Amino acid sequence: MPPVYSSPFHQMENPALTSLLQHTTTREKRSKSRIGGAGGIFRMFKLLPMLTSGCKMVTLLGRPRNPLLTDHATTGTLFGHRRGRVSLAIQEDPHRLPVFVIELPMSSAAFQKEMASDVVRLSFESETKTSKKKVLEEYVWAVYCNGRKYGYAIRRKQMTDDEVHVMQSLRGVSMGAGVLPGLSEKETAVDGELTYMRARFERVVGNKDSEAFHMINPEGAAEGQELSIFFVRVH
């Protein structure tokens, strides 16, 4: 397999991680073989800086009484204030509490800059010396985005008010990107609008020390994974 330079793990001798990366690389090749390979939700989220006329796109999505999708694919949500940091929440179902919530050590502006590459690999590395926990149950993570280390983050034991607000606001949304009303006008004035991107993810388990989540593009969009999230425990 050719080296995958956009991942911080490309020099590691880790068969499980190699398998996870191979899955992504294969899908990317199919995406690049098409014109306009980056589309759907990912592209909508990249355009959000131009959609600031007060339009709350979650309202346009309708907040249906029933979920937009009937299957139980993993749901991932990236959200944060424009002048704040980006957070990640992973849910087994949009109507359930997240199984993983973390605030990344990178600003929304930095994340938008990384998204300019059309293919984003968000990687979490745990240096724990025990494997008694499931990999997503670890707390301290080194965070990489497209091969660049941004620092360390700690998984939430309890969600903040902002995080609870986002999860409640998006209960009826299975996929989409847009702007949510903040908890208060003062908070919005200081930190900027609260943006989000929510999508379904295919979950790939390498072994007890590695998992990956690959974004599933909406039906009708170009094939390929523009966003992949990796969790790896390094002993």
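Just so we're clear, the structure is a prediction, and the values are computed from it rather than from any experiment.

Chemist: Can you break down the overall build of the protein chain residue by residue, with the values?
Modeler: Broken down by element type, the protein chain carries six helices and ten strands. Here the protein chain, with 235 residues, has 51% of them falling under the buried criterion. Restricting to contacts in the protein chain with at least 6 residues of sequence separation, those with at least 24 account for 62%. Total accessible area on the protein chain stands at roughly 11800 Å², and carbon and sulfur atoms take up 52% of it.

Chemist: Could you give an account of the pairing of strand β1 (residues 74-81), with specific residues and numbers?
Modeler: A large share of β1 lies buried, amounting to eight of its eight residues. Here β1 shows no split at all, with Thr-74, Gly-76, Leu-78 and Gly-80 on one side and Thr-75, Thr-77, Phe-79 and His-81 on the other all buried. Taken together, the eight bridges between β1 and strand β8 (residues 194-207) define a ladder with antiparallel strand orientation. Bridge pairing in β8 links Gly-80 to Thr-195. Of the strand pairs in this sheet, β1 and strand β2 (residues 85-91) are connected by five bridges, and their pairing is antiparallel. Within β2, the residue paired with Gly-76 across the bridge is Ile-90. Taking the residues between adjacent antiparallel strands as the criterion, β1 and β2 are bridged by three residues.

Chemist: Lay out the packing of aromatic side chains with the relevant residues and their values.
Modeler: One pass over the structure, following the stated rule, counts seven aromatic pairs. Ring plane angle 75° and centroid distance 5.0 Å describe the contact between Phe-100 and Phe-231, whose orientation is recorded as edge-to-face. Residue Phe-100 is located in strand β3 (residues 100-107), and its partner Phe-231 is located in strand β10 (residues 227-233); the two are separated by 131 residues in the primary sequence. On the accessibility criterion, Phe-231 (0% relative accessible area) is buried. Ring geometry for Trp-141 against Phe-231: centres 5.5 Å apart, planes inclined by 80°, an arrangement best described as edge-to-face. You can see Trp-141 sitting in strand β5 (residues 140-145) and its partner Phe-231 sitting in strand β10, a full 90 residues away along the chain. Grouped by ring-pair contacts, the aromatic residues Phe-100, Phe-124, Trp-141, Phe-213 and Phe-231 constitute a single cluster. Seen from the ring of Tyr-139, Arg-155 lies directly overhead, with NZ or CZ sitting 4.2 Å from the centre.

Chemist: With reference to specific residues and values, describe the pairing of β2.
Modeler: Counting buried positions over the seven residues of β2 gives six, a clear majority of the element. Sheet analysis places β2 next to β3, joined by five bridges and oriented antiparallel. When the bridges of β3 are listed, Ile-90 appears paired with Phe-100.

Chemist: Explain the pattern of salt bridges residue by residue, including any values.
Modeler: Close approach of charged atoms allows side chains of opposite charge to pair. Overall, the coordinates contain eight salt bridges when judged by the stated rule. With a shortest N-O distance of 2.8 Å, Arg-203 and Glu-211 are connected by a salt bridge. Glu-211 sits in the buried class, given a relative accessible area of 9%. Residues participating in the shared-partner salt-bridge network are Glu-103, Arg-156 and Glu-163.

Chemist: Tell me about the nonpolar core, and please be specific about residues and values.
Modeler: Judged by nonpolar contacts, the single largest core of 29 residues is most densely connected at Leu-88, Phe-124 and Phe-231. Broken down by secondary-structure element, the contributors of at least two residues to this core are β2, β3, α4 (108-114), β4 (120-126), β5, β8, β9 (210-216) and β10. The leading source of residues in this core is β3, at four residues. Those residues within four positions of Phe-231 in sequence are excluded, and the remaining contacts are Leu-88, Ile-90, Phe-100, Phe-124, Val-135, Leu-136, Trp-141, Asp-209, Ser-210, Glu-211 and Phe-213. Of all hydrophobic cores here, the second largest spans ten residues; its members include Ala-89, Val-101, Val-166 and Leu-170.

Chemist: Provide a residue-level description of the environment of Lys-129, including the pertinent values.
Modeler: Looking at the element boundaries, Lys-129 is found in the loop between β4 and β5. On the basis of relative accessibility, which here comes to 82%, the residue Lys-129 falls in the exposed class. C-alpha of Lys-129 to C-alpha of His-235: the two residues are 106 residues apart in sequence and 5.3 Å apart in space.

Chemist: Quick rundown of the environment of His-214? Include the residues and the values.
Modeler: Relative to the helices and strands, His-214 resides in strand β9. Placed eleven residues apart in sequence, His-214 and Arg-203 show a C-alpha to C-alpha distance of 6.6 Å.

Rules behind the numbers
Residues numbered from 1 in each chain as written. Predicted model: local features only at pLDDT ≥ 70, side-chain atom pairs only at ≥ 80, totals over all residues. Heavy atoms only, no water. Helix = DSSP H or I, 4+ residues; strand = E, 2+ residues; numbered from the N terminus. Buried < 20%, exposed > 50% of the residue type's maximum accessible area, 1.4 Å probe, protein only. Contact = heavy atoms within 4.5 Å. Areas by Shrake-Rupley, 256 points an atom, 1.4 Å probe, with all protein chains shown as cover. Pairing = 2+ DSSP bridges. Phe/Tyr/Trp six-rings, centres within 6.5 Å; stacked < 30°, edge-to-face > 60°. Lys NZ or Arg CZ within 6 Å of the ring centre and 35° of its normal. Salt bridge = Lys/Arg side-chain N within 4 Å of Asp/Glu carboxyl O. Core = buried A, V, L, I, M, F, W, Y, C linked by side-chain atoms within 4.5 Å.

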